[in-house]
Each structure stands twice: as structure tokens, then as C-alpha cells.
Amino acid sequence: MTEIRVLAPEVADAIAAGEVVERPASVVKELVENALDADARRISIDVRGAGRTSIRVSDDGSGIPADELPLAFVRHATSKVTALSDLDAINSLGFRGEALASIASVADVECSSAGARIHITAGQVVEQVAGPLLTGVTIEVRDLFANVPARLKFLKSDATEVAAIKDVVTAFALLHPHVRFQLTIDGRAAVSSSGDGDRRRAFASTHGATVAAEMLDIVGLPLVTGMVSQPRLSRGSRDGLVLAVNGRPITSRPLLYALEECYQGRLERGRHPIAAIDIGIDAALVDVNVHPAKREVRFRDERAVFTALQRAVRSALGASEPIRYQTSQPESAVAAARAHAPQLMVHGSTLVALEQDMPGPASAGVLRPIGQVGPGYLVAEGPQGLVLVDQHAAHERVLYNRLLERLRTGLGASQPLLMPQAVDVEPSLIAAAADHRADLATLGLEYEEFGPRSLRITAVPVEMPAGRATAAVQETLAALSQTRGDQALHRAAAALACHSAVRFGDVLDVAEQRRLLADLETAEESITCPHGRPTRLVVEWQELTRHFRRNY
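Novice: For this particular structure, what's the right way to read the overall build of the chain?
Specialist: Of the regular secondary structure elements, the chain holds 17 helices and 25 strands. The 552 residues of the chain split such that 48% are buried. For the chain, the proportion of contacts with a sequence separation of at least 24, taken over those separated by at least 6, is 69%. Counting every atom, the chain has about 26800 Å² of accessible surface; 53% of that belongs to carbon and sulfur.

As C-alpha cells, then:
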């Protein structure tokens, strides 16, 4: 066994820096957090060579006194914590006093503040002189990892590192809309927020005006603030999700699950929303000191936070709107259409303004069926325009809501099968059936065990054709075995609704079309089916007016 020795300071600093400075984006994160803690209202970040060449961050915050500038780069030197008890209620983004020291140990750093300038290379002070008397702090980090070349091998491509930096700045811009952020990459503007406190404008500056227009405000709940996207706007990855606690971006699988569960039945599988959510909580009720890079936190009452987030998001999603058909056109064309055609007549109804919203569940304006086209689309006329309805998705939503209502009331409705049907299932599905026998009966599905690997179906929901019972049972029990809690029953209800609904391609007579459209209009969350597919597409009257040039 080799001799035990105390590591040299430069070696210890380089190892500690690995916990804080993983890549150029880590440097940007730490420096921006310091600027926000200093109450900066303008933060400029200039990046060269994907952060390897230089990272320059300037702010207009309170700055560092000239005589304290060398101390700021000493490990565990901080102005934010003085006693052990302070760790129980941390309100600042940084607090350990390790960021500047860690960065300086693996790069060439120059910092100016309050008329002083200091130059540090690989953790050693090279120069300390008078500097420009500027507001705030300006820090330039050059030649990152030059003295630890092994770290450079683990960095990704320039495009990947630049994307990580943009993600960091974007998250802070969305969480702190009152701060003006300017990010330039090799001389080109990448992020530019106004800092006027408007979160929607912050979204427009980071994600574009189209995304910003689709965002819904979370209002009325002091614990949770931010914005979430309408279900009709989604992405194939979670890159657009920003979660934070007291303005600090975090990674939390439970909270991420809580957010995405709110979109269950609103988004197709594999699609994810866009969101920026900040949870404001008493600092004494959250521990932010559980991860080396401060990415994770621990809540004293995680269930309460989970519930508050879901309540806020579901409340915001109540304002969701159906998907509308739009062609690419200048705003002036839309404005002209509205100016020259302010009203249109809906047959059998009074005049309806173009700006009128789609009728909700309590509205008296029911869609008027026109006919059925293609393999399974209903065409209807509504107050806002022409409406195309996916008949299977629409009927699926109606039946799903009906099944959930039966679960809530405990009043089931089933039809006995004239000839009970046997179905072979896996042992795990037999167990799921036994665990949920009463709930399945409420949904209308009744059965009896028929050997060690078989069930005999004796009754199905009243809406289900008898010929679909076998496939419905297989999918319903699979949903129950793969999910836990109330969500399992929701998935089971979705499976039963899918197998009970009219098929895409079934021919419906006028009475059936009218009944389905009326049920869809009164259904809750009718924009999508339980699996997240849209139920309808609205072609607005002004779009038709513009297309056929009836606006002059």
C-alpha cells in the first residue's frame, strides 16, 4: 500500500473544479448566478471559440470592493454564508464560495470591479493593478482547461457546447424576465431579452414569436409562476422544459413527471411541452446543498410541491384552444381581412364577430354538421369558421370522459355478453385484473377467472361492440399492469374508450354526426383525444375570406 499524503493545493483545486466546471456552459452558469446575486439588471455574455477561447461576462450589479477582489478567488470565500445555520435558509443562487476559485484554477482569468483589476492563471495571482472605474463586474475567462488538457478531450463539438451555453442563458432569461440578457457567440447575437419583466416577450426573444404566442400564463397561485405551452405546441424532446426553485434552474424527475402528467391525454406519446416554471418556496423548506453543481434540491414536503405544480399547470391548460389552420401570410393581410370583413353569418344563427372565441362547454353555439369526407372526417360549421373533426378521436374523448365520470360516481353501465368470450393473458395481467376488479366493473368490464392463464369476459361497457371485447381486455389489463395509482385507471379508461369509439372509416348518418358533434362541444378537454391526438381543426372565416379575396 502506498503512503498516504495530503494533496498539493493546485491538485486539490483542479479536482474540486471538476465538480463545478464541467464545460464552458458551467462557467457561464456560475458567472451569471453571481451577477444575479449582485442584483444586476443587465448581463452581457460574449463567447468565443465555443467557450474554450474566451468567455466574457459583464454586469451592472453591486460589484466587488477593490480590497476584496483577491479574496473573491480564494476557495470557500463568500459573502453569502457566515454561519452553519445560514445553510438552512439560502436565498442566493451561489453560496459556497467555490465558483471563482474553481474557474481560476483551470483557466486564465481577468476580473475588473470598483476601479481594480486582477489577473489569475491556473489559480495563481499574476497581476493586481488599478483598473477602469466601471459599474458592476467584468470577468473574462480565457483558455479554459489549458492547464488540464485531459478535460478538453471530454468536451463535445463546438455546436454542442454552444447549444449548452444558449440553454443556460435561455433558462435564466425566462426565469428572470426583469433582467436584460445579451448573449453573443463569436460576434453574433444569440439571445437578446428586453428585461422589461414581460415573460412572454422573454419567450419571444429566446424561442421566437410563434412559440411565445402559444404560451399560457400560470396565474393566481403565489407558489408557482411561469408559462406552459398549449397542447397544440410540442416538441420531440424535453429541451424546452425549464424548472426552477426560487429562480434557480434545477433537475427534478418528480417535478418533471408532475408537469408531463398534466399533459396526459393532451399530447401524443413521445411529445413534450415547452415550459418555464419557477416554484417560489420558503428557503427553510428546501435544501439546495445536495448536489456539487447545485442542480438538484430536496424539498421538506415534496408531495405538497408536486400537487401545487400540477394544480397550477392544469389551471393554465384550461385556457387551451383547438388547432387552427393557418397559411404563412403577413400580419397586414390578416389585419386587412378583419377590417374589411368584421362579421360573417352562420346559417341559422345571428351575426358572430370574427374575434369571438370557440364556444366552450357552456356555450349555446353547437357545431352544425355539413357532412362526412375522406376516410373518417366530419365537416361542420361553427361560429368561428369551418371545423374538421376526426370522428374516432372525438368519439374517443367523449367516451373517455364518460368512463371517468363513472369512476368518480361509482355508477357503472355494462351490457352482458350473450356468449361470454375467453381470452388468454399473461400471469401479470391476471394479477392486474384481480387487483382492479371493482374499478373495472364500474367501467363496465366484468369477467371471471377461467383457468390459470385465462379470463372469461361476461360483460363490457354499453358503448362497446361485443366483437371488440377480447382486444379491449388485453390492452386494458396491460395498461393497468404498467402503471400505478389513479393514472393506471385513466389509462385503462382510455383503452376502453379507444375500442368502444367509432372507427376511422365508419360511415355515420346525419343523426349520428349531429349527436357526436353535440357531445364533443359539451365535453371537457375536448381539444384532444385521451392519447393526445387533436380532435378538430378550425379553418377561420377570415382565412377563407383572405384566400378567396373577399376582403375588398
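Novice: Is there a simple way to explain the pattern of salt bridges in this structure?
Specialist: Going through the model one piece at a time under the given rule, you end up with 27 salt bridges. Here Lys29 and Glu33 are joined by a salt bridge, their closest N and O atoms 3.0 Å apart. Remark: Glu33 and Lys29 occur in helix 2 (residues 24–37); sequence separation between them is 4 residues, near one turn of the helix. Just as Lys29 is buried, Glu33 falls in that class too. Note that Arg232 is salt-bridged to Glu214, the shortest N-O span being 2.6 Å. A residue pair is termed long-range when its members are at least 10 positions apart, and Arg232 in the loop between strand 10 (224–229) and strand 11 (241–245) and Glu214 in the loop between helix 7 (209–213) and strand 9 (215–218) qualify at 18 residues.

Novice: When you look at the sheet that holds strand 23 (residues 446–449) in this model, what are you seeing that I'm missing?
Specialist: Strands belonging to one sheet form pairs held by backbone hydrogen bonds; the direction of such a pair is parallel or antiparallel. Overall, antiparallel pairing links the 3 strands, which are arranged 22-24-23 in an open sheet. The sheet is open, and its two edges are formed by strand 22 (414–424) and strand 23, each paired on a single side. Each strand axis lies, on average, 20° off the axis of its neighbour in the sheet, ignoring direction. One ladder, built from 7 bridges, connects strand 22 with strand 24 (residues 454–461); its direction is antiparallel. Paired with Asp424 across the strands is Ser454, a residue of strand 24.

Novice: Help me out: how do you make sense of the packing of helix 5 (residues 158–175) against helix 6 (residues 199–207) in this one?
Specialist: Orientation of helix 5 relative to helix 6, taken along the N-to-C sense of each, is 165°, at an axis distance of 8 Å. The pairing of helix 5 with helix 6 is recorded here as roughly antiparallel in orientation. Once helix 5 is placed against helix 6, the crossing between them reads as right-handed. Between helix 5 and helix 6, the contacting residues are Thr170, Ala173, Leu174 and Leu175 on the first element and Arg199, Ala202, Phe203, Thr206 and His207 on the second. Classifying every residue of the contact of helix 5 with helix 6 gives 5 nonpolar, 3 polar and 1 charged.

Novice: I would appreciate a short explanation of the pairing of strand 23 in the present structure.
Specialist: Within a regular strand, side chains alternate between the sheet's two faces. Two strands pair when backbone bridges link them, and strand 23 and strand 24 are joined in this way by 4 bridges, in the antiparallel orientation. Pairing of Glu448 across the sheet is with Arg456, part of strand 24. Count of turn residues in the strand 23/strand 24 antiparallel hairpin: 4 residues, of which Gly451 carries a positive phi of about 95°.

Novice: Explain the nonpolar core here, please?
Specialist: As a rule of thumb, soluble globular proteins bury nonpolar side chains together. Judged by nonpolar contacts, the single largest core of 50 residues is most densely connected at Ile43, Ile45, Phe73, Val141 and Phe181. With residues up to four places along the chain from it excluded, the contact list for Phe181 reads Val32, Leu36, Ile43, Ile45, Val169, Phe172, Ala173, His176, Val191, Ser192 and Ser193.

Novice: I keep staring at helix 14 (residues 469–482) and nothing clicks. Help me out?
Specialist: Helix length check: helix 14 (14 residues) gives 20 Å between terminal C-alpha atoms against 20 Å at 1.5 Å per residue, within 8%. Among the residues of helix 14, Ala469, Ala472, Val473, Thr476, Leu477, Ala479 and Leu480 are the ones counted as buried. Angularly, the buried residues of helix 14 cover 155° about the axis, an arc narrow enough to put them on a single face. Close packing links the buried residues of helix 14 with strand 22, helix 12 (427–435), helix 13 (437–443), strand 24 and helix 15 (486–500).

Novice: Looking at this structure, how should I read the side chain of Thr442?
Specialist: Mapped onto the elements of the fold, Thr442 is located in helix 13. Sequence-distant contacts of Thr442, defined by excluding residues within four places in its chain, comprise Arg406, Leu407, Gly410, Leu411, Gly412 and Ala413.

Novice: What exactly am I supposed to notice about the packing of helix 11 (residues 391–409) against helix 15 here?
Specialist: Helix packing geometry: the angle between the two helix axes and the distance between the axes. Two elements in contact, helix 11 and helix 15, have axes separated by 8 Å at closest approach and are oriented at 135°. In terms of orientation, helix 11 and helix 15 fall into the oblique class. Helix 15 is crossed by helix 11, and the crossing has right-handed handedness. Residue-level contacts link His392, His395, Glu396, Leu399, Tyr400, Leu403, Leu404 and Leu407 of helix 11 to Leu489, His490, Ala493, Ala494, Leu496, Ala497, Cys498 and Ser500 of helix 15. A breakdown of the residues in the contact of helix 11 with helix 15 according to their chemical character gives 11 nonpolar, 4 polar and 1 charged.

Novice: How do you make sense of the sheet that holds strand 7 (residues 180–185) when you look at a structure like this?
Specialist: Ordered in space as 5-4-3-6-2-1-7-8, the 8 strands form an open sheet in which the pairing is mixed. With partners counted over all chains shown, the strands left at the sheet margins are strand 5 (124–130) and strand 8 (188–192), one partner each. For this sheet, the mean angle separating the axes of adjacent strands, direction not counted, is 15°. Across 6 bridges, strand 4 (residues 116–121) lies against strand 5 in antiparallel orientation. Bridging across to strand 5, Thr121 finds its partner in Gln124. Contacts between helix 5 and the sheet are confined to strand 1 (42–48), strand 7 and strand 8, with strand 7 contributing the most and set at about 170° to the helix.

Novice: Would you take a moment to explain the packing of aromatic side chains for this structure?
Specialist: We describe a pair of aromatic rings using the distance from one ring centre to the other and the angle between the two ring planes. Scanning the model with the defined rule gives 2 aromatic pairs in all. Ring centres 6.3 Å apart and planes at 35° place the aromatic pair Tyr257 and Phe306 in the tilted group. With a gap of 49 residues between them, Tyr257 in helix 8 (residues 253–261) and Phe306 in helix 9 (residues 302–317) connect regions that are remote in the sequence. We classify Tyr257 as partly exposed; its relative accessible area is 45%. Taking the centre distance of 5.1 Å and the plane angle of 85° together, the rings of Tyr377 and Phe504 count as edge-to-face.

Novice: Would you mind showing me how to read the side chain of His436 here?
Specialist: Counting through the fold element by element, His436 comes out in the loop between helix 12 and helix 13. Its relative accessible area of 18% is what places His436 among the buried residues. Ignoring anything within four residues of it in the chain, the contact list for His436 reads Leu480 and Leu489.

Novice: Would you take a moment to explain the environment of Val47 for this structure?
Specialist: Along the polypeptide, Val47 turns up in strand 1. By relative accessible area, Val47 is classed as buried at 0%. Each C-alpha atom of the pair Val47 and Pro24 lies 9.3 Å from the other, and the pair is 23 residues apart in sequence. When neighbours within four sequence positions are excluded, Val47 is seen to be in contact with Ser54, Ile165, Leu183, Thr184, Ile185 and Asp186.

Novice: Got a minute to help me understand the environment of Pro452 in this structure?
Specialist: By secondary structure assignment, the location of Pro452 is in the loop between strand 23 and strand 24. Pro452 gets classed as exposed once you look at its relative accessible area, which sits at 73%. In this structure, the C-alpha to C-alpha distance between Pro452 and Ile430, residues 22 residues apart in sequence, is 8.3 Å.

About the thresholds
Residues numbered from 1 in each chain as written. Predicted model: local features only at pLDDT ≥ 70, side-chain atom pairs only at ≥ 80, totals over all residues. Heavy atoms only, no water. Helix = DSSP H or I, 4+ residues; strand = E, 2+ residues; numbered from the N terminus. Buried < 20%, exposed > 50% of the residue type's maximum accessible area, 1.4 Å probe, protein only. Contact = heavy atoms within 4.5 Å. Areas by Shrake-Rupley, 256 points an atom, 1.4 Å probe, with all protein chains shown as cover. Salt bridge = Lys/Arg side-chain N within 4 Å of Asp/Glu carboxyl O. Pairing = 2+ DSSP bridges. Axes fitted to C-alpha atoms, helices over the stretch in contact; angles between N-to-C directions. Parallel < 35°, antiparallel > 145°, perpendicular 65-115°, else oblique. Left-handed = near helix turned anticlockwise from the far one by under 90°. Nonpolar A, V, L, I, M, F, W, Y, C, P; charged D, E, K, R; others polar. Core = buried A, V, L, I, M, F, W, Y, C linked by side-chain atoms within 4.5 Å. Expected span 1.5 Å × (residues − 1). Arc of directions from axis to C-beta. Phe/Tyr/Trp six-rings, centres within 6.5 Å; stacked < 30°, edge-to-face > 60°.

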